[in-house]
Amino acid sequence: MTPLTLFNSLSRSAETFVPIDPSNVRVYSCGPTVYNYAHIGNLRAYVFTDTLSRVLTWKGWPLTHVINITDVGHLTSDADAGDDKMEAAAKRAGRDIWAIAAYYTQVFKQNLDDLHIRPPTHFPLATDHVAEMIEWGRAIEAKHCYRLPDGLYFDVTTVPDYGRLAGHAAEPWSPGESRIGEVAGKRNPADFAIWRTSAPGENRQMEWDSPWGRGAPGWHLECSVMSKRYLGARFDIHTGGIDHREIHHPNEIAQNQAHGCTADPGAAYWLHNNWLVERDSKMSKSSGDFTRLQTLVDRGYHPLSYRLMCLQAHYRSEMEFAWDGLAAAQTRLKRWVQAVEGLRARPATASKGDADAYLAQLDAAVSDDLNTARVLPVLDAMLADKAIAPQDRIAALAAFDAVLGLDLARLTRADLRVRPATATIDADAIATRLAERKEARAAKDFERSDAIRDALVAAGVEVMDGDPLGWDWRPSL
Ligand SMILES: Nc1ncnc2c1ncn2[C@@H]1O[C@H](COP(=O)(O)OP(=O)(O)OP(=O)(O)O)[C@@H](O)[C@H]1O
Ligand SMILES: [Zn+2]
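Residues numbered from 1 in each chain as written. Chains lettered and ligands numbered in written order. Predicted model: local features only at pLDDT ≥ 70, side-chain atom pairs only at ≥ 80, totals over all residues.

**Digging into the nonpolar core**
Phase 1: Membership of the largest hydrophobic core comes to 111 residues, with the highest contact counts inside it found for Ile194, Tyr306, Val375 and Phe400.
Phase 2: Sorting elements by how many residues they give to this core places helix α1 (residues 40–58) first, with 9 residues.
Phase 3: Each of domain 1 (5–287) and domain 2 (333–414) gives at least three residues to this core.
Phase 4: Apart from residues lying up to four places away in sequence, Phe400 is in contact with Leu362, Val375, Leu379 and Leu408. (Core = buried A, V, L, I, M, F, W, Y, C linked by C-beta atoms within 7 Å. Buried ≥ 20, exposed ≤ 12 C-beta atoms within 10 Å, placed from the backbone. Helix = DSSP H or I, 4+ residues; strand = E, 2+ residues; numbered from the N terminus. Domains from an automatic or database assignment. Contact = placed C-beta atoms within 7 Å.)

Written out as structure tokens, the structure reads:
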């Protein structure tokens, strides 16, 4: 196999991946803040981590993967200002915060499942690790922290190279204008909370006793604690969205250095996925108006069409979400499903060639910093290669499925016909009406055939006459 190259944000360059322990590659991915549904931008981050995990597995490395659930401590500003997103959401909804966290966690896990994202080895909740967070705070307090009325703060000048990951090494204590002056009394603008003490009269649903008063852990601390707990102080790969490169991950590194009394950042490779954007703005939960996986399904799209859309872009490129792009991805998926069904229907024959050259191209593409976009035309060419017997093409498909997670060996046309939420007719009734329409057309009763067609459109279903793919209907948009 080709050596795996990954773009490491620490060095801002592509590096050959060499595991610390080849018998157990360890990966930590920053998880969702469960105060609301995930939007499809958040889900892009996990299609990316799933691609990473699938490629590592396919290349033969046993894997331990952690995705945490942030159910406390993430503030409305990453720079330690504003409210806890969870508390604010619970207040707005007038509901129990634990119930909110449990609900959105369960929906998030369902989203991953629908996208064929493999569950990680561990899914730890931040709230299950608060005692360890307090322990960590006590261990670094004397040398690295100071008290303010609202909590325990980390002094970023006490560790080497603060902000190297963010690319601000030359100016270690002013990494972003946005942070200046957000918390009164900080020694350096980049200093951040290890523990946030509840203000007098503040009515938090989630709080714990600590040496620094009743309150809640800082968001950055959570990931340091959970990654060390499940993967050890030194592990292989840490992932997150590109925003985390600026504040969250530099702060994790600072904590890891302080706790381990070393210059070691914790993970050896730090990988960041770029944004999913809508026209010219980043999709975000906080903005209130966002697209989630269910929104796509309600409009007649299969979740795997969205997965394919993500795979068509490189994870480090910005990707623009557009409905016609999603429709094109769904059509592409349908073509593959049809091609596979066609191959399966053909009798086994002797191959004149083999699929090895295609598998080598697959390997070369994913080994080049997970370039899934380059894999897709290889799959097209492999499926269409008549020199390879049908059963051998099906066998080679397994490798593409293992890496891309599109489940092409199992997916059927019927799976991909997602009935839009607005359709007032079910799939069986559609099939019956289409059969009647076919009869009417055969009898040249065009009035009746048009009437059936109009009734279907009114029910949210567009009939596709002469559809080269042979799909009889699709959701009307
Ligand atoms: N538009 C986006 N495109 C790609 N990844 C994203 C996008 N928005 C957030 N992410 C990533 O999704 C993951 C989960 O993020 P999280 O649930 O904490 O969202 P959030 O930052 O609270 O939400 P938001 O900023 O959207 O209100 C993180 O790795 C984050 O970097
Ligand atoms: Zn994190």
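There is more to say, and it comes next.
**A short note on the packing of helix α11 (residues 372–384) against helix α12 (residues 390–404)**
Phase 1: α12 packs onto α11 with a crossing angle of 165 degrees between their chain directions and a minimal axis gap of 11 Å. The orientation of α11 relative to α12 falls into the category roughly antiparallel. Between α11 and α12 the crossing geometry is left-handed. Of α12, the residues touching α11 (which contributes Thr372, Val375, Leu379, Met382 and Leu383) are Arg393, Ala396, Phe400, Val403 and Leu404.
Phase 2: Within the contact of α11 with α12, the residues separate by chemical class into 8 nonpolar, 1 polar and 1 charged. (Axes fitted to C-alpha atoms, helices over the stretch in contact; angles between N-to-C directions. Parallel < 35°, antiparallel > 145°, perpendicular 65-115°, else oblique. Left-handed = near helix turned anticlockwise from the far one by under 90°. Nonpolar A, V, L, I, M, F, W, Y, C, P; charged D, E, K, R; others polar.)

**Let's talk about the environment of Ala328**
Phase 1: As for its placement among the helices and strands, Ala328 is situated in helix α9 (residues 323–345).
Phase 2: As for Ala328 and Leu308, which are separated by 20 residues in sequence, their C-alpha atoms are 10.0 Å apart.

**A few points about unusual backbone geometry**
Phase 1: The backbone of His116 sits at a positive phi, close to 60 degrees, despite the residue not being glycine.
Phase 2: Inspection of the secondary structure puts His116 in the loop between α3 (97–114) and α4 (130–144).
Phase 3: Owing to 18 C-beta atoms within 10 Å, His116 belongs among the partly exposed residues under this scheme.
Phase 4: With a phi close to 50 degrees, Cys261 is a non-glycine residue in the positive phi region.
Phase 5: Summarising the element assignment, Cys261 is placed in the loop between α6 (248–260) and β12 (267–273).

**Description of the domain arrangement of the chain**
Phase 1: The assigned domain composition of the chain is domain 1 (5–287), domain 2 (333–414) and domain 3 (419–475).
Phase 2: Measuring from the centre of the C-alpha atoms in domain 1 to the corresponding centre in domain 3 gives 50 Å.

**Observations regarding the site of ligand 1**
Phase 1: Contacts to ligand 1 come from 19 residues, most closely from Pro32, Gly41, Gly241, Ser284 and Lys285.
Phase 2: Of all the elements in the fold, those that place two or more residues in the shell around ligand 1 are α1 and β11 (235–241).
Phase 3: Per element, the largest residue contribution to the shell around ligand 1 is 4 residues, and it comes from α1.
Phase 4: Of the residues assigned to the shell around ligand 1, the class counts are 6 nonpolar, 9 polar and 4 charged. (Near = placed C-beta within 6 Å.)

**Considering the sheet that holds strand β10 (residues 215–217)**
Phase 1: Spatially, the 4 strands line up as an open sheet ordered β7-β8-β9-β10, and their pairing is antiparallel. Pairing within the sheet leaves two strands with one partner each, and these edge strands are β7 (145–148) and β10. On average, adjacent strands in this sheet sit at an angle of 25 degrees to one another, irrespective of strand direction.
Phase 2: One ladder, built from 4 bridges, connects strand β8 (residues 151–154) with strand β9 (residues 192–197); its direction is antiparallel. When the sheet's bridge partners are listed, Phe154 is paired in β9 with Phe192. (Pairing = 2+ DSSP bridges.)

**Quick word on the UniProt feature "binding site: Zn(2+)" (unreviewed entry) in the chain**
Phase 1: The UniProt record annotates "binding site: Zn(2+)" (unreviewed entry) at Cys30, Cys223, His248 and Glu252. A maximum C-alpha distance of 11.0 Å is found for the annotated residues, which run over 223 residues; spatially they form one tight group.
Phase 2: Examined against the element boundaries, His248 turns out to sit in helix α6.
Phase 3: Judged by the 21 C-beta atoms lying within 10 Å of it, His248 falls in the buried class.
Phase 4: Sequence-distant contacts of His248, that is, excluding residues within four places in its chain, are made with Cys30, Asp78, His220 and Gly240.
Phase 5: Position of Glu252 among the secondary structure elements: in helix α6.
Phase 6: On the neighbour-count criterion, Glu252 (28 C-beta atoms within 10 Å) is buried.
Phase 7: When neighbours within four sequence positions are excluded, Glu252 is seen to be in contact with His220, Cys223, Ser224 and Gly266. (UniProt positions renumbered as here; feature names shortened; annotations may be inferred.)

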